[in-house]
Amino acid sequence: MKLLIDIGNTCLKWASAQQGQLSPQQRITHHGRDVMPSLAEHWHALPIPEQGVFISSVAHPLYVQQIRDFCQQQWQCEPVLIRSTAQFGQIRSAYPQPERLGVDRWLALIGAWFVLEGRSCCVVDCGTAITLDVLTSDGQHQGGLILPGIGKMHQILAQDTHALGQYHRDPPPLSPDSPLLANHSQHAIQLGIYYAVIGLIEHVTAAYSADPLQLILTGGAATLLRSALPTHCHYWPDLVLQGLLKASELQ
Ligand SMILES: Nc1ncnc2c1ncn2[C@@H]1O[C@H](COP(=O)(O)OP(=O)(O)O)[C@@H](O)[C@H]1O
Ligand SMILES: CC(C)(COP(=O)(O)O)[C@@H](O)C(=O)NCCC(=O)O
Ligand SMILES: [K+]
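Cut-off values and rules
Residues numbered from 1 in each chain as written. Chains lettered and ligands numbered in written order. Predicted model: local features only at pLDDT ≥ 70, side-chain atom pairs only at ≥ 80, totals over all residues. Heavy atoms only, no water. Helix = DSSP H or I, 4+ residues; strand = E, 2+ residues; numbered from the N terminus. Buried < 20%, exposed > 50% of the residue type's maximum accessible area, 1.4 Å probe, protein only. Polar contact = N/O pair within 3.5 Å; in protein donor to acceptor, adjacent residues only side chain to side chain. Contact = heavy atoms within 4.5 Å. Axes fitted to C-alpha atoms, helices over the stretch in contact; angles between N-to-C directions. Parallel < 35°, antiparallel > 145°, perpendicular 65-115°, else oblique. Left-handed = near helix turned anticlockwise from the far one by under 90°. Nonpolar A, V, L, I, M, F, W, Y, C, P; charged D, E, K, R; others polar. Donors = N, O, S within 2.8 Å, 3.2 Å for Na, K, Ca; no water. Salt bridge = Lys/Arg side-chain N within 4 Å of Asp/Glu carboxyl O. Near = heavy atom within 4 Å. Areas by Shrake-Rupley, 256 points an atom, 1.4 Å probe, with all protein chains shown as cover. 1 Å grid on protein atoms, 1.4 Å probe; cavity = no way out; pocket = protein on both sides within 12 Å on 5 of 7 lines; lining within 4 Å. Sits in = over half its atoms within 2 Å of the grid points. UniProt positions renumbered as here; feature names shortened; annotations may be inferred. Pairing = 2+ DSSP bridges.

K.L.:
Which parts of the structure should I look at to understand the side chain of S56?
P.N.:
Structurally, S56 can be placed in strand β5 (residues 53-57). You can call S56 buried: its relative accessible area is 0%. There is a polar contact of 2.8 Å between the side chain of S56 and the side chain of D6. Not counting chain neighbours up to four residues away, the residues in contact with S56 comprise I5, D6, I7, I82, V103, L107, V240 and L244.

K.L.:
Honestly, the packing of helix α1 (residues 36-43) against helix α2 (residues 61-75) in this entry has me stumped. Any pointers?
P.N.:
Helix-helix packing is characterised by the crossing angle of the two axes and by the distance between the axes. Relative to each other, α1 and α2 sit at 40 degrees, their axes nearing to 11 Å. Taken together, α1 and α2 sit at an angle that is classed as oblique. As for the relative orientation of α1 and α2, their crossing is right-handed in sense. Residues M36, L39, A40 and W43 of α1 form the contact with α2, whose own contacting residues are Q66, I67, F70 and W75. Across the contact of α1 with α2, the residue classes break down as seven nonpolar, one polar and no charged.

K.L.:
I keep staring at the environment of G102 and nothing clicks. Help me out?
P.N.:
In this fold, G102 is placed in the loop between β8 (91-92) and α3 (103-115). For the pair G102 and V134, spaced 32 residues apart in sequence, the C-alpha to C-alpha distance is 14 Å. Setting aside residues up to four positions removed in sequence, G102 forms contacts with V58 and S84.

K.L.:
Whenever I open this one, the side chain of S120 confuses me. Can you help?
P.N.:
Tracing the sequence through the fold places S120 in the loop between α3 and β9 (121-126). At 2.9 Å, the side chain of S120 and the backbone nitrogen of S137 are in polar contact. Apart from residues no more than four positions distant in its own chain, S120 is found in contact with L135, T136, S137, D211, P212, L213 and Q214.

K.L.:
Any chance you could explain the coordination of the potassium ion (ligand 3) here in plain terms?
P.N.:
Ideal values for angles at a metal depend on the geometry: 109.5 degrees with four tetrahedral donors, 90 or 180 degrees with six octahedral donors. On the protein side, the potassium ion (ligand 3) has D104 (OD) and D125 (OD) as donor atoms, found 2.9 to 3.2 Å from it. One end of the pair, D104, is in helix α3; the other, D125, is in strand β9, and 21 residues separate them in sequence. Comparing D104 with D125 shows no difference in burial state: the two are buried.

K.L.:
I would appreciate a short explanation of the pattern of salt bridges in the present structure.
P.N.:
A pair can form between side chains of opposite charge whenever their charged atoms are brought close. For the structure on display, the rule yields four salt bridges. The partner of D133 in a salt bridge is R105, and the shortest N-O contact between them spans 2.7 Å. Separated by 28 residues along the polypeptide, D133 in strand β10 (residues 129-135) and R105 in helix α3 bring together distant segments of the chain. Here D133 falls in the buried class, since its relative accessible area comes to 2%.

K.L.:
Which parts of the structure should I look at to understand the site of ligand 2?
P.N.:
The environment of ligand 2 is formed by 14 residues, the closest being Y95, G102, D104, R105 and A129. A distance of 2.7 Å separates an oxygen atom of ligand 2 from a polar side-chain atom of R105. A129 places a main-chain nitrogen or oxygen 2.8 Å from an oxygen atom of ligand 2. Within the complex, the protein chains bury 78% of what would otherwise be the 460 Å² of accessible surface of ligand 2. For ligand 2, the cavity whose grid points lie within 2 Å of the majority of its atoms is the largest pocket. Elements with a minimum of two residues in the shell around ligand 2: α3 and β10. Looking at side-chain class alone, the shell around ligand 2 contains five nonpolar, six polar and three charged residues.

K.L.:
Whenever I open this one, the UniProt feature "binding site: K(+)" (unreviewed entry) in the protein confuses me. Can you help?
P.N.:
Look at the UniProt record and you will see "binding site: K(+)" (unreviewed entry) annotated at D125. Look at D125 and you get buried, because its relative accessible area is 12%. Once residues lying within four places of it in the same chain are set aside, the contact partners of D125 are D104, I130, T131, T218, G219 and V240.

K.L.:
Is there a simple way to think about the sheet that holds β10 in this case?
P.N.:
The strand order across the open sheet formed by five strands is β11-β10-β9-β12-β13, and the pairing between neighbours is mixed. The open sheet is flanked by β11 (141-148) and β13 (234-235), the only strands paired with a single partner. Bridge count between β9 and β10: six bridges; the pairing is antiparallel. Across the sheet, the residue bridging to D125 is T131, located in β10. Sheet contacts for α3: β9, β10, β11 and β12 (214-218); angle to β10, the most-contacted strand, approximately 45 degrees.

Here it is in structure tokens:
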């Protein structure tokens, strides 16, 4: 068994893999606290990951260190930290400094490439930040975009305006029946944020109409947008872990 762990800026996600198959992804919110008591609770009953522990992280190194300590104590093993590289098989990074591309973005592209068998795609990861990346069928990463996540957009607006401070709470998901325009502040904020993200996706995918992109949504907040996106949009919540599994096979 392999243990695969992805650490984002809000949540830590993991799954085990056996014979190339991932178990269902699990997650905990870490947010600046000691995650080990909670992880120890989840992980104490796991079989020994005799094929290794693999970590990807875009969060503070403290989290990786805590997991390293846990792996040494619990299983006497040293986890492998996976980083972004210039190339993985046929996939080539658009970044001239490839190590600067968030490893979650890089792994999501690797995951998408294998699941879609090399078809051109646009990966949208709705996490703490939203990232959008395009990978074409020649394996070239075309580059990407980064913007605040749905939660962050709500937070900033509530924090920096006098009148909207009271409207920061968990928004309901967007639905196919949602109106275009709102007549209530709470609703106006929610729809404004959702349509900003959808508009961005449409703007980018429209530029590739000659080589249509498979659209893939991932990340914790993807569920909020999903049902209002076209039906051909894939929703793969464990895409980063799928990429991490592929990357682990080359270690
Ligand atoms: N079930 C959910 N419904 C709505 N939002 C969620 C849900 N789970 C997580 N989120 C939001 O998704 C974000 C975390 O998603 P995740 O992809 O794990 O992010 P990260 O990789 O940045 O840690 C947070 O902003 C959180 O508020
Ligand atoms: C853009 C991100 C902050 C997204 O992180 P997340 O929302 O998944 O926690 C992360 O991928 C990152 O730190 N990237 C490095 C910068 C870059 O990709 O250009
Ligand atoms: K992420």
